[in-house]
Structures are given as structure tokens and as C-alpha cells.
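Observations on the three-dimensional arrangement
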Amino acid sequence: MRYADDMSPGAATGPLPPARADGERGSSRRSFIRSTSAGVTSVALGASVAASTGPAAEAAETARPATARRAALPLAVTPACSGQETPASIEGPLFKPNSPARGDLITPAIRGVRLDLSGVVYDTSCTPLPETLIEFWQCDQNGDYDTAGFALRGHQYTDSRGTYLLRTIIPRDYWGRWGQRAPHIHTQVQVSGGPVLVTQLYFPDDTQAYGRDFSALNAADRLLNRACTIELAGPANGRYTGTFDFVITTKV
Ligand SMILES: [Fe+2]
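The protein is annotated in an unreviewed UniProt entry as Dioxygenase from Streptomyces caniferus. What UniProt states about the protein under its Sequence similarities (unreviewed entry) heading is, verbatim, "Belongs to the intradiol ring-cleavage dioxygenase family."

In C-alpha cells:
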């Protein structure tokens, strides 16, 4: 069954979701981070990368020839922290609480173009924030969200350096309430006791995956914010490498 986060039942005529989770959910999330942080192991940014085999690698392979020239260039340097808060976006209706604690979302059913996304969470003084909760959820290689289970959903905590690492795929575009959505990854970021940043991450115009025109998709997406574009390198060894640093406020 196809689910797009902008196509919940009645969504076509219903009100837009709030730009921020409602007060009840915000309270719930704060309680959540307090209750679970001690039991979750942070994901080490330097963890080894698994060998690339199988369908996912085959999917990524389709993007290799056209982007090989980019793979030969030096990796993009993550911009220095500006102190400017990462812009917020809508949550959408398909956020699910109680996602698994994991930084690796790759399961046998996930066959999209691989992406290793990493970065740092800073406060507005550009101080890295350890033990910061980051929640990711996204659609799959077909533009479908898993609402029955937790495929391509997970949360993790930044390590002692404020870094995170997510192993996932590049999501596909889909049609929803706001028209055709460019590929994006939904994210929530929260330091203990602080407000929740709800936002969406996007991909550069020259991204090559699933034969889609990312430039046209980005240009047509009414929700897209270029400030939330992932720095992307590759593909190399069957996967893209992305970086995105968050800057959040730590005070409610
Ligand atoms: Fe979405």
C-alpha cells in the first residue's frame, strides 16, 4: 500500500499540519529523551563501512557513470558553523514515535541508492552538542513510507563530539498534498530539555538516483529550503556520502 507523508486520509481537504509538533507531542518527546538517553549507545562516526553488494549496490551503480567525474573531486568541506539556526519545516502526518534506536536503516527490503549521512549538531554558539537526540524518517526507493512498521525510521544520539552517522538510502520523490515532493529526509533534533527542531533535508540539483531530475524536482517543491541541502559526494563504492550540520537552540 502506498503512503506518502502528505497523503494521509482526508489530507487533500484537511488543514495543514502544524509547523511544529503540538504541545502534547512536544512534551512527549522531551519525556522520551529523558527516559531513553541512558540506554542508547551513540553512533561512532568512524564506524566501518560495510561492503557494497546486492540490489542496493546495483541501484547505486546506475548513477555511477554520470557522476564519476564528481567522485574524482576532493570531498566537499563541511561549512563552518554559522551560528544560524537550521530552518524548521513541517513534520508531516507520518511521524511515528518510539522508533528503533539505530543509525543504520538498511534492511534487506531496502534497495535504494545508498547514502551515508553524517554531521555535527551545534548550538547557536557553535558548540557541539553531545547526547542530542536525532530522529530520522523517510520514504523508500519507491516513494513509500512504512506506516505499519519502522522501515527507514530510527533515532540516535550524538556522540561526545556532537556527531551523528546515518546509514540509509536516498529517498525518491512522490506526489502528495503539496504537489510533487522532491526527495527529502524528515528529521527532528532535540537536546535534553530544549525545544525540538523539526525540519527536512534535501539533495543537490545534480544528485543522480532512480533516473530522476533532482533539479526540476527541487525547483518545483514548495516546501524546499535550500539552506537544508545536504552536501553530497560520490557515489563511490556504491554509495553517496553526505554531510549536514544542524544548529539548534537549546532553550525553550
Ligand atoms: Fe515526506
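By size, the foremost hydrophobic cluster in this structure holds 37 residues, and its most contacted members are Leu117, Ile170 and Phe246. Of all the secondary-structure elements, those providing two or more residues to this core are strand S1 (114–123), strand S2 (133–137), strand S4 (163–169), strand S7 (185–190), strand S8 (197–201), helix H4 (214–220) and strand S11 (246–248). Ignoring anything within four residues of it in the chain, the contact list for Phe246 reads Thr86, Val120, Val121, Tyr122, Tyr164, Thr187, Val189, Leu197, Thr199 and Leu201. Among the nonpolar cores identified, the runner-up in size contains six residues, and Leu94, Trp137, Tyr145 and Tyr174 belong to it.

In total, this model carries one disulfide according to the counting rule given. Bridging Cys81 to Cys126, the disulfide has an S-S length of 2.2 Å. Negative torsions about the S-S bond denote left-handed disulfides, and the value of about -80° found for Cys81 with Cys126 makes this one left-handed. Taken together, the positions of Cys81 in the loop between helix H3 (64–71) and S1 and Cys126 in the loop between S1 and S2 put the pair 45 residues apart, joining distant regions of the chain. For Cys81, a relative accessible area of 22% gives the class partly exposed. Cys126 gets classed as partly exposed once you look at its relative accessible area, which sits at 28%.

Okay, the pairing of S8 next. In terms of burial, S8 is a largely internal element, five of the five residues being buried. Going residue by residue along S8, you find Leu197, Thr199 and Leu201 tucked away on one face and Val198 and Gln200 tucked away on the opposite face as well. Sheet analysis places S7 next to S8, joined by five bridges and oriented antiparallel. Along S8, the bridge assignment pairs Gln188 with Val198. Between S7 and S8, which pair antiparallel one after the other, the connecting turn spans six residues, and Gly193 there sits at a positive phi close to 85°.

Take the sheet that holds S2 next. Taken together, the four strands give an open sheet; going across it, the order is S3-S2-S7-S8, and neighbouring strands pair in antiparallel fashion. The strands lining the two open edges of the sheet, one partner per strand, are strand S3 (153–157) and S8. Each neighbouring strand pair of the sheet contributes to a mean axis angle of 20°, computed without reference to strand direction. Sheet analysis places S2 next to S3, joined by five bridges and oriented antiparallel. When the sheet's bridge partners are listed, Trp137 is paired in S3 with Arg153.

Definitions and cut-offs
Residues numbered from 1 in each chain as written. Predicted model: local features only at pLDDT ≥ 70, side-chain atom pairs only at ≥ 80, totals over all residues. Heavy atoms only, no water. UniProt positions renumbered as here; feature names shortened; annotations may be inferred. Core = buried A, V, L, I, M, F, W, Y, C linked by side-chain atoms within 4.5 Å. Buried < 20%, exposed > 50% of the residue type's maximum accessible area, 1.4 Å probe, protein only. Helix = DSSP H or I, 4+ residues; strand = E, 2+ residues; numbered from the N terminus. Contact = heavy atoms within 4.5 Å. Disulfide = S-S within 2.5 Å. Pairing = 2+ DSSP bridges. Axes fitted to C-alpha atoms, helices over the stretch in contact; angles between N-to-C directions.

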